Amino acid sequence: MAAAARRNMLKVIPNSKLYVSEPDPRWFGNPGNPGFDPAWTCENWLKSRFHFSFAEYHSNQNSSFGVMRVMNDDLVQPKRGFGTHPHRNMEIATYIVNGKLTHEDSMGNSQSLGRGSIQFMTAGSGLEHSEANHTDKPLRFIQTWIVPSSTGLTPNYGGVDAPESNQEKN
């Protein structure tokens, strides 16, 4: 297929068109923002860019893309995270762009993954988990939620840790 034809199949959405969310830290079990912290890259603990309708952003014209329900680009500041919360009937995949993401869940899994790593979770019949940045540097990850073809699946978690050579570039 010619390059021009492939470009016509892709829909490029400029960064300026993405919804930016900077929620109150207390909504996710965090203390208030510190004011000024030289390790932070923005004033709020979390800066999310939503590609589809999600959380406080509602758009009937932009609610999903096929089975893809969520695609968020998240920037989490040091020593912050998403407290324990439930999920059900969703497939969730996370790619760590920079930093280190720590996952813990109600199935007893605990894993920290760095730059270039991928984690995946089948929420299925239900589970609870948390995701945190326990380091002194910002964490950036892309998270995608996919609606499964079946509901009530057995919950599952896994992660593929990138080679150390990728992680050293953080």
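Before any of the text, the structure's been laid out above.
Below you will find a few notes about this structure. (Residues numbered from 1 in each chain as written. Predicted model: local features only at pLDDT ≥ 70, side-chain atom pairs only at ≥ 80, totals over all residues. Heavy atoms only, no water.)

## A few points about a nonpolar patch on the surface
Okay, step 1: A grouping of Tyr95, Ile118, Phe120 and Val160 is seen on the molecular surface, where their side chains present a nonpolar patch of about 360 Å² in accessible area.
Okay, step 2: Note on placement: Tyr95 falls in strand β5 (residues 91-98).
Okay, step 3: With relative accessibility at 38%, the residue Tyr95 sits in the partly exposed group. (Patch = residues over 30% accessible without salt bridge, like charges linked within 9 Å, V, L, I, M, F, W, Y side chains within 5 Å. Areas by Shrake-Rupley, 256 points an atom, 1.4 Å probe, with all protein chains shown as cover. Salt bridge = Lys/Arg side-chain N within 4 Å of Asp/Glu carboxyl O. Helix = DSSP H or I, 4+ residues; strand = E, 2+ residues; numbered from the N terminus. Buried < 20%, exposed > 50% of the residue type's maximum accessible area, 1.4 Å probe, protein only.)

## Some details on the pairing of strand β2 (residues 46-50)
Okay, step 1: Burial of the side chains of β2 is restricted to one face: Leu46, Ser48 and Phe50 are buried, whereas none of Lys47 and Arg49 on the reverse face is.
Okay, step 2: Judged from the 3 bridges that link them, strand β1 (residues 19-21) and β2 form a sheet pairing that is antiparallel. What sits directly across from Ser21, in β2, is Ser48.
Okay, step 3: For β2 and strand β3 (residues 68-76), the ladder comprises 5 bridges, and the chain directions are antiparallel. Bridging from a neighbouring strand, Leu46 pairs with Val76 of β3. (Pairing = 2+ DSSP bridges.)

## What to know about the environment of Thr144
Okay, step 1: Relative to the helices and strands, Thr144 resides in strand β10 (residues 139-146).
Okay, step 2: Placed 72 residues apart in sequence, Thr144 and Asn72 show a C-alpha to C-alpha distance of 6.6 Å.

## Considerations on the sheet that holds strand β6 (residues 100-105)
Okay, step 1: Across the sheet, which stays open at both edges, the 4 strands sit in the order β4-β9-β6-β7 with antiparallel pairing between neighbours. One side of each edge strand has no neighbouring strand; the edge strands of this open sheet are β4 (80-87) and β7 (110-114). Ignoring which end each strand starts from, the neighbouring axes of this sheet average 15° apart.
Okay, step 2: Pairing analysis gives 6 bridges linking β4 to strand β9 (residues 127-133), with the strands arranged antiparallel. When the bridges of β9 are listed, Phe82 appears paired with Glu131. (Axes fitted to C-alpha atoms, helices over the stretch in contact; angles between N-to-C directions.)

## With respect to the side chain of Gln143
Okay, step 1: On the secondary structure map, Gln143 appears in strand β10.
Okay, step 2: Under the relative-accessibility criterion, Gln143 is labelled buried at 9%.
Okay, step 3: A polar atom in the side chain of Gln143 sits 3.1 Å from the side chain of Trp145.
Okay, step 4: For Gln143, the contacting residues outside a window of four places in its chain are Val70, Met71, Asn72, Ile92, Ala93, Thr94, Gln119 and Glu131. (Polar contact = N/O pair within 3.5 Å; in protein donor to acceptor, adjacent residues only side chain to side chain. Contact = heavy atoms within 4.5 Å.)

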